[in-house]
Every structure is written in C-alpha cells, then in structure tokens.
Amino acid sequence: MRTLALLLTFGLPLLAADAAHAVTVIAAEVPPYVIAIRQGAPSGMTIEVLEEAARRLHEPLTIELMPMARALLQTRHRPDVLLVPPVRSPQRDAQFLWVAPLLEEAFVLVSNRHYHPAPLTIAALPGGSLGVMRGSYGQSLSQPLAKAREEAVTEELSNANKLARGRIQGWAVAWNTARYTQQQAGLPLADLVRGETLQETAIYLAAHPDFPPREAARWRQAIQGMQQDGSLTRILKQYDYQAP
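Owing to the predicted nature of the structure, the values given are computational and were not obtained by experimental measurement. (Residues numbered from 1 in each chain as written. Predicted model: local features only at pLDDT ≥ 70, side-chain atom pairs only at ≥ 80, totals over all residues. Heavy atoms only, no water.)

### What to know about the overall build of the protein
Convention followed: Secondary structure elements follow DSSP: runs of H or I of four or more residues count as helices, runs of E of two or more count as strands, with numbering from the N terminus. Only protein chains enter the calculation, and the probe is 1.4 Å; a residue is then buried if its accessible area is under 20% of its type maximum, exposed if over 50%, and partly exposed in between. A contact between two residues is defined here by any heavy atoms of the two lying within 4.5 Å. Calculation of accessible area relied on Shrake-Rupley with a 1.4 Å probe; when residues are assessed, cover is drawn exclusively from the protein chains displayed.
Looking only at helices and strands, the protein features eight helices and eight strands. Summarising its shape, the C-alpha atoms of the protein cover approximately 85 × 35 × 35 Å along the three principal directions. Evaluated residue by residue, the protein yields a buried proportion of 47% over its 244 residues. A separation threshold of at least 6 residues defines the contact pool for the protein, and within that pool the share at least 24 residues apart is 72%. When the accessible area of the protein is evaluated, it comes to approximately 12100 Å², of which 54% is carbon and sulfur surface.

So, in structure tokens, the structure goes:
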C-alpha cells in the first residue's frame, strides 16, 4: 500500500512533466513572420501565432532561429521539429508535412519610385538586377525569369537598402516582408512601388514528413480554433498585415 502511495505521489508529476514536453520550432528569420530580437526570444506574426497555439495546447516552446536556407535543410533531417514560415510549393511538397496554413501572402516584384516609378513587370526585367534572399521562396520564383541578373543576400534588409540606393532594379519578395523591412531600414514606405505579382500563396506551419501525425493534428486543430475565434486575425493586424 505504501509503495502504491509513493507511486501516486511521485509518478503523477512525472507524467505531467512528460505531457508538457517542450516542442522545438525551427524559425527562419523572415520578417515580419519571424523577427530576430537583439536580446531575447524572436518575435513576429508566426511566432505569436505558435505561442498562442502552444498556450492552448499547454506545451512550452523551444525556438531555434536561423537563416531560411539552413532552416529548410535542418527540418529535412530532424523528424521531431516544427518549421515556420515556409511557403508550400510543388518543389517542396514532398519534403515536408504541411501542418496548417497560417496566412495568405503575395510574392511580387518591388521597385523604388525614384528609380523605377512604374510598377515593375517581368517583361521589364531583362538586363536589370533583381534582389532576392538566399533560400527564400522569392528566389525560387525569380530563377525562371529570363535574363534577370539575380543578386542573392542573406537577409532582406540588404535588399531594402540596395533598392533605396539604386543598386538593384527590382526586389522579388513577399509584399508584407517588403513593407516591414523597408520601415525597419528607416526608409519611406511610400518609396516602394508594388509591381507584378509572381504568385499568391500561403505561409505554413510545417514539419518533417515523419513528424508524429497525432501531434500534427493537435497543432492543426489549435490553429483552426484560432482562425475560427478571430484571434489569428487579431495577431496579424498588430503587424499591419495586408492580405493579397
């Protein structure tokens, strides 16, 4: 009887601790979805969405921040992690488990009104230079564009500064990323000219294909609940999100 009492006394906390295991999220630094903070944990649209989902699931989060190219590679080799904020595409479809869409986005060509005031089109690109972030979906969309000279950087902030100085003619980027990065660079938002849309798509919560299906279903249900009660929309509005 004493042994049973001890098991009940010490076993229940162990079970509770196991149920509240930390979930690791690989977060690719792509503002405003994932924003690096100089001191402290990262922030951003998708981070806040996951934090709220984790609160509803009673699970702590461990967030690993890294560049997009590395984040995609890491997730393909780690079956126990979640990933934000990748875009689902035919090329990536089989590489990940697509847990739930988080928001809609438009990838566009962006120019600076001082150098190219007319909305930039694919037809106007030949001979020009196009800024992209290495490993980003914007880069994958830019590669088929004929005769555009691609200039890849490791962070979108570099593209915003290069566009402002006329060092690149255009920028292939998600529209909300362009707007947020422009403001973070201290540059006028009015200088950005939205050009031709390359693709409208969705930003996802994803995982390795072998991520536990039961866990994926729990996260999917939590995010769907946030969509239904309006809390997801409220988070996005805090970042001045513009739907396509």
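### Concerning helix α5 (residues 156-164)
Applied cut-off: By definition, the arc is the one covered by directions from the helix axis to the C-beta atoms.
When α5 is considered as a whole, its buried residues turn out to be Glu156, Asn159, Ala160, Lys162 and Leu163. Angularly, the buried residues of α5 cover 170° about the axis, an arc narrow enough to put them on a single face. If you follow the buried residues of α5, they end up packed against β4 (97-112), β5 (129-133), β6 (149-153), β7 (170-174), α6 (175-184) and β8 (192-207). Trailing α5 by a residue or two, Gly166 shows a phi angle of about 75°, which is positive.

### Description of the packing of aromatic side chains
This is how it is decided: To pair, rings of Phe, Tyr and Trp, with the six-membered ring standing in for Trp, must have centres within 6.5 Å; the planes then decide the type, stacked if under 30 degrees apart, edge-to-face if over 60, and tilted in the middle.
In total, this model carries three aromatic pairs according to the counting rule given. Considering the side-chain rings of Phe96 and Trp98, the 5.8 Å spacing of their centres and the 75° angle between planes classify their relative orientation as edge-to-face. Both rings, one in Trp98 and one in Tyr204, keep their centres 5.3 Å apart while their planes meet at 80°; by these two values the pair is edge-to-face. You can see Trp98 sitting in strand β4 and its partner Tyr204 sitting in strand β8, a full 106 residues away along the chain. A single burial state applies to Trp98 and to Tyr204, both of which are buried. An aromatic cluster is defined as three or more aromatic residues linked by ring pairs; in this entry it consists of Phe96, Trp98 and Tyr204.

### Things to note about the packing of α5 against α6
Selection criterion: Note on method: axes are straight lines fitted to C-alpha atoms, helices fitted across the in-contact stretch only, with angles between N-to-C directions ranging 0 to 180 degrees. Roughly parallel here means an angle under 35 degrees, roughly antiparallel means over 145, roughly perpendicular means 65 to 115, and every remaining angle is called oblique.
For the pair α5 and α6, the least separation of the axes is 9 Å and the interaxial angle reads 75°. By the criterion of interaxial angle, the relationship of α5 to α6 is roughly perpendicular. Facing Glu156, Leu157 and Ala160 of α5, the residues of α6 in contact are Thr177, Thr181, Gln182 and Gln184.

### Observations concerning the pattern of salt bridges
Close approach of charged atoms allows side chains with opposite charge to pair. Here is the rule we go by: Take a side-chain nitrogen of Lys or Arg and a carboxyl oxygen of Asp or Glu: if they are within 4 Å of each other, that pair is a salt bridge.
On inspection of all chains with the given rule, the structure shows 11 salt bridges. With a shortest N-O distance of 2.6 Å, Arg88 and Asp93 are connected by a salt bridge. Overall, Asp93 belongs to the partly exposed group, its relative accessible area being 33%. Within this structure, Glu52, Arg55, Arg56 and Asp229 form a network of salt bridges that share partners.

### Observations regarding the confidence of the model for the protein
Note the threshold: In predicted models, pLDDT denotes the confidence assigned by the predictor to each residue on a 0 to 100 scale.
Mean pLDDT over the protein works out to 89, with 91% of the residues at or above the 70 mark. Counted against residues more than four places away or in other chains, residues 1-19, with its pLDDT under 50, gives three contacts.

### Digging into the side chain of Ser111
Here is the rule: Residues adjacent in sequence count toward polar contacts only when both atoms are side-chain atoms; beyond that, a polar contact is any pair of N or O atoms within 3.5 Å, and within protein one must be able to donate a hydrogen and the other to accept it.
Along the chain, Ser111 turns up in strand β4. At a separation of 2.9 Å, a polar atom in the side chain of Ser111 contacts the main-chain carbonyl oxygen of His116. Not counting residues up to four positions away in its chain, the partners in contact with Ser111 are His116, Ala118, Leu120, Leu163, Gln169, Asp191, Leu192 and Val193.

### A word on the pairing of strand β1 (residues 23-28)
The side chains of a regular strand alternate between both faces of the sheet. Counted only if it meets this: We treat two strands as partners when DSSP finds at least two bridges between them.
Where burial is concerned, most of β1 is hidden: six out of the six residues are buried. Here β1 shows two buried faces, one formed by Val23, Val25 and Ala27 and the other by Thr24, Ile26 and Ala28. Note that β1 and strand β2 (residues 61-66) share six bridges and pair parallel. Each residue of the ladder has a partner; that of Val23, found in β2, is Leu61.

### Considerations on the pairing of strand β3 (residues 81-84)
Along β3, one buried face is formed by Val81 and Leu83 and the opposite face, lined by Leu82 and Val84, is buried too. As paired elements, β1 and β3 share four bridges and run parallel to each other. Looking across to β3, one finds that Ala27 is bridged to Val84. In terms of strand pairing, β3 meets β8 through two bridges, oriented antiparallel. Bridge assignment links Leu82 to a residue of β8, and that residue is Ala207.

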